[in-house]
Amino acid sequence: MEQQIKKAQENAKSEITASEELSTLNDVRVKYLGKKGELTAILRGMGALTPEERPVIGELVNKVRDELEELIAQKEREFKQKQLNARLANEKIDITMPSKKTVLGSIHPINKIIDEVKEIFLGMGYQIADGPEVETSYYNFDQLNTPQDHPARDLQDTFYITEDVILRTQTSPVQARVMENQKPPIKIICPGAVYRSDAVDATHSPVFHQIEGLVVDRDISMADLKGTLEMFVKNCLGKDTKIRFRPHHFPFTEPSAEADVSCFVCGGKGCRVCKNEGWIELLGCGMVHPNVLTNCGIDPKEYSGFAFGFGVERIAMAKYGIEDMRLLYENDVRFLKQF
Ligand code: DAH
């Protein structure tokens, strides 16, 4: 029997050494150590031995079994390590290779100006209002005291969707929408796109941006308007900027004015940016017309207000020295990256 055990031990060892993958190793384990394996069979046959032989053979079988199990486990570890090495070699990545650069965009100069203006007015306690770009002629014109025969309502100036629905020509309709929905005190600005039936050239575009401002409260006067706009231009264009007001006409303000700022490039001496005038025309403004207040359900005897509106592109062009408005819309990153 000892012979038989030794034989099985020899065979098993050489089969373990010869096996080249996990599955054949497993076959070897079943063949010798499994329930029906050779060593197990020997153990079972031990009943036929003499009581003296039994412990000797039992010990030998156990020893051989332990040895084989250890050999198999060792071989198994070898296989697993080999597998892992192969996988690592296979999945190796070259970390020294330069990565793909993510190209970060930059804030568009129009949005930069809008953000700056928002900051300035938020700092003065204003709120940001919003309104639709597809607007009714009622809000764009009628509510703003703009009569049927006003030239701005002309088909040549305004994009009509239907007779009553247009693309807003100004951000001013937001004034009416806010006043209808909010009791004074009101202090808002509203940035947004506006549309006019203009041909594209260096200073015109059918789509451009405006920022509207509106303040309504008790005892609001022209002095508040002037003080506010002066604060604004100094913050936005530089602390030495001067502002001047010229009488003008807008249907929705009375009195109305246009405001110019001293050229912040030459300081007023005259240069290319201000076309040698020393001043740059900046915005329209005035005291909210009593008819507009009444239209929106606010009593003009109790409340007064001022309003203003200006073009964002105009400020961007002046501030950054951009001579052709089309550059702002062409989205050439080489241009946009400069701001
Ligand atoms: N909406 C005017 C325009 O597009 C600008 C303007 C003028 C706005 C006077 C105002 C204002 O709020 O009071 O030309």
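Up top you'll find the structure we're talking about.
First things first, this report covers the structure right here in the doc. Here the structure is a predicted model, which means the values were calculated and not measured.

## Overview of the overall build of the protein chain
For step 1, the next point in the chain: Along the protein chain, the regular secondary structure elements total 12 helices and 9 strands.
For step 2, the next point in the chain: By the compact-globule yardstick of 20 Å for 339 residues, the protein chain is too spread out, its C-alpha radius of gyration being 44 Å.
For step 3, the next point in the chain: The buried share of the protein chain, reckoned over its 339 residues, is 41%.
For step 4, the next point in the chain: Across the protein chain, the fraction of contacts at a sequence separation of at least 24, relative to all contacts at a separation of at least 6, is 66%.
For step 5, the next point in the chain: As displayed, the protein chain offers around 19,700 Å² of accessible surface, 52% of which is attributable to carbon and sulfur atoms.
For step 6, the next point in the chain: Taking the 43 positively charged and 51 negatively charged side chains of the protein chain as two groups, their mean positions are separated by 7 Å.

## A word on the pattern of salt bridges
Side chains carrying opposite charge are able to pair once their charged atoms draw close together.
For step 1, the next point in the chain: As enumerated under the stated definition, the model contains 17 salt bridges in all.
For step 2, the next point in the chain: The salt bridge involving E323 is made with R272; its shortest N-O contact spans 2.7 Å. Residue E323 is located in the loop between α10 (312-320) and α11 (327-330), and its partner R272 is located in the loop between β7 (253-262) and β8 (279-288); the two are separated by 51 residues in the primary sequence. Side by side, E323 and R272 carry an identical accessibility label, which is exposed.
For step 3, the next point in the chain: With a shortest N-O distance of 2.7 Å, D332 and R334 are connected by a salt bridge.

## Some details on the site of the ligand
For step 1, the next point in the chain: Looking at the ligand, there are 15 residues lining it, with Q170, Q175, R196, Q210 and E212 nearest.
For step 2, the next point in the chain: A distance of 2.9 Å separates a nitrogen atom of the ligand from a polar atom in the side chain of S172.
For step 3, the next point in the chain: Within the backbone of F308, one N or O atom sits 3.3 Å away from an oxygen atom of the ligand.
For step 4, the next point in the chain: Out of a free accessible area of 360 Å², the ligand has 89% covered by protein chains.
For step 5, the next point in the chain: Contributions of two or more residues to the shell around the ligand are made by β5 (207-217), β8 and β9 (304-311).

## As for the packing of aromatic side chains
For step 1, the next point in the chain: Applying the stated criterion to the full structure yields 10 aromatic pairs.
For step 2, the next point in the chain: Aromatic pair Y320 and F339: ring centres 4.9 Å apart, planes at 50°, arrangement tilted. Here Y320, found in helix α10, pairs with F339, found in the segment after α12 (333-336); they are 19 residues apart in sequence, far enough to count as distant.
For step 3, the next point in the chain: An aromatic cluster is present here, built from F121, Y126, F232, F306, F308 and F310 joined pairwise through their rings.

## Describing the pairing of strand β6 (residues 243-250)
For step 1, the next point in the chain: Relative to β7, β6 is paired through 7 bridges, and the arrangement is antiparallel. Residue pairing for β7: I243 is matched across the bridge by V261.

## As for helix α4 (residues 53-90)
For step 1, the next point in the chain: Taking 1.5 Å per residue, 38 residues should reach 56 Å; α4 reaches 55 Å between its end C-alpha atoms and fits that length.
For step 2, the next point in the chain: Where α4 is buried, its residues contact α1 (2-18), α2 (22-33) and α3 (38-44).

## Focus: the packing of helix α5 (residues 109-123) against α10
For step 1, the next point in the chain: The contact between α5 and α10 brings their axes to 9 Å, and the two run at 100°. Of the possible angle classes, the one that applies to α5 and α10 is roughly perpendicular. Only V312, E313, I315, A316, K319 and Y320 of α10 make contact with α5, whose side of the interface consists of P109, I110, K112, I113, I114 and E116.
For step 2, the next point in the chain: Per-class residue counts for the contact of α5 with α10 are 8 nonpolar, no polar and 4 charged.

The rules behind each value
Residues numbered from 1 in each chain as written. Predicted model: local features only at pLDDT ≥ 70, side-chain atom pairs only at ≥ 80, totals over all residues. Heavy atoms only, no water. Helix = DSSP H or I, 4+ residues; strand = E, 2+ residues; numbered from the N terminus. Rg over C-alpha atoms; globule rule 2.2 N^0.38 Å. Buried < 20%, exposed > 50% of the residue type's maximum accessible area, 1.4 Å probe, protein only. Contact = heavy atoms within 4.5 Å. Areas by Shrake-Rupley, 256 points an atom, 1.4 Å probe, with all protein chains shown as cover. Lys, Arg positive; Asp, Glu negative; His and termini not counted. Charge placed at Lys NZ, Arg CZ, Asp CG, Glu CD. Salt bridge = Lys/Arg side-chain N within 4 Å of Asp/Glu carboxyl O. Near = heavy atom within 4 Å. Polar contact = N/O pair within 3.5 Å; in protein donor to acceptor, adjacent residues only side chain to side chain. Phe/Tyr/Trp six-rings, centres within 6.5 Å; stacked < 30°, edge-to-face > 60°. Pairing = 2+ DSSP bridges. Expected span 1.5 Å × (residues − 1). Axes fitted to C-alpha atoms, helices over the stretch in contact; angles between N-to-C directions. Parallel < 35°, antiparallel > 145°, perpendicular 65-115°, else oblique. Nonpolar A, V, L, I, M, F, W, Y, C, P; charged D, E, K, R; others polar.

Limitation: the analysis is restricted to geometry and does not speak to function.
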